[in-house]
Amino acid sequence: MKKQNRVLLFILYMFAAVVKAILSLRYKVTIKGIQQLKDATPVLILPNHPALVDPVILLSHIYKYSNAIPVISSAFYDKPVLKSFFSSLGAVRVSDLDG
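For the structure given in this document, a descriptive report is provided here. (Residues numbered from 1 in each chain as written. Predicted model: local features only at pLDDT ≥ 70, side-chain atom pairs only at ≥ 80, totals over all residues. Heavy atoms only, no water.)

**Section: the pattern of salt bridges**
According to the stated counting rule, one finds one salt bridge in the structure shown. A salt bridge links R93 to D78; the shortest N-O distance between them is 3.0 Å. Taken as a pair, R93 in strand β2 (residues 92–94) and D78 in the loop between α4 (74–77) and α5 (80–89) lie far apart in primary sequence, 15 residues in all. With relative accessibility at 45%, the residue R93 sits in the partly exposed group. Owing to a relative accessible area of 34%, D78 belongs among the partly exposed residues under this scheme. (Salt bridge = Lys/Arg side-chain N within 4 Å of Asp/Glu carboxyl O. Helix = DSSP H or I, 4+ residues; strand = E, 2+ residues; numbered from the N terminus. Buried < 20%, exposed > 50% of the residue type's maximum accessible area, 1.4 Å probe, protein only.)

**Section: the nonpolar core**
For soluble globular proteins, the rule of thumb is that nonpolar side chains tend to be buried together. Grouped together as the largest cluster of nonpolar side chains are eight residues: L12, A16, Y63, I72, Y77, F86, L89 and A91. For this core, the secondary-structure elements that each account for two or more residues are α1 (6–24) and α5. Once residues lying within four places of it in the same chain are set aside, the contact partners of A16 are S60 and Y63. (Core = buried A, V, L, I, M, F, W, Y, C linked by side-chain atoms within 4.5 Å. Contact = heavy atoms within 4.5 Å.)

Written as structure tokens, this is what we have:
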């Protein structure tokens, strides 16, 4: 994740906490191996289901343990409402495979 000021970092932590609380009403999440996220070695984290909510659930739970950088398809990244949010997260935009 790119360097951020403390206010933005606080807002992102609070957003992750709210998302985590809301999603916990529907989904039960268990995190195993959190120490691997705390290590300095690079880690590739992949949701194991193609649902669109999986990356949101995953990132909301591991945000405080890692410097995860989301990789987002251009179909979602380029939406005007979301673009500035994704940019503030330091997200990486990738082209869609359909085109």
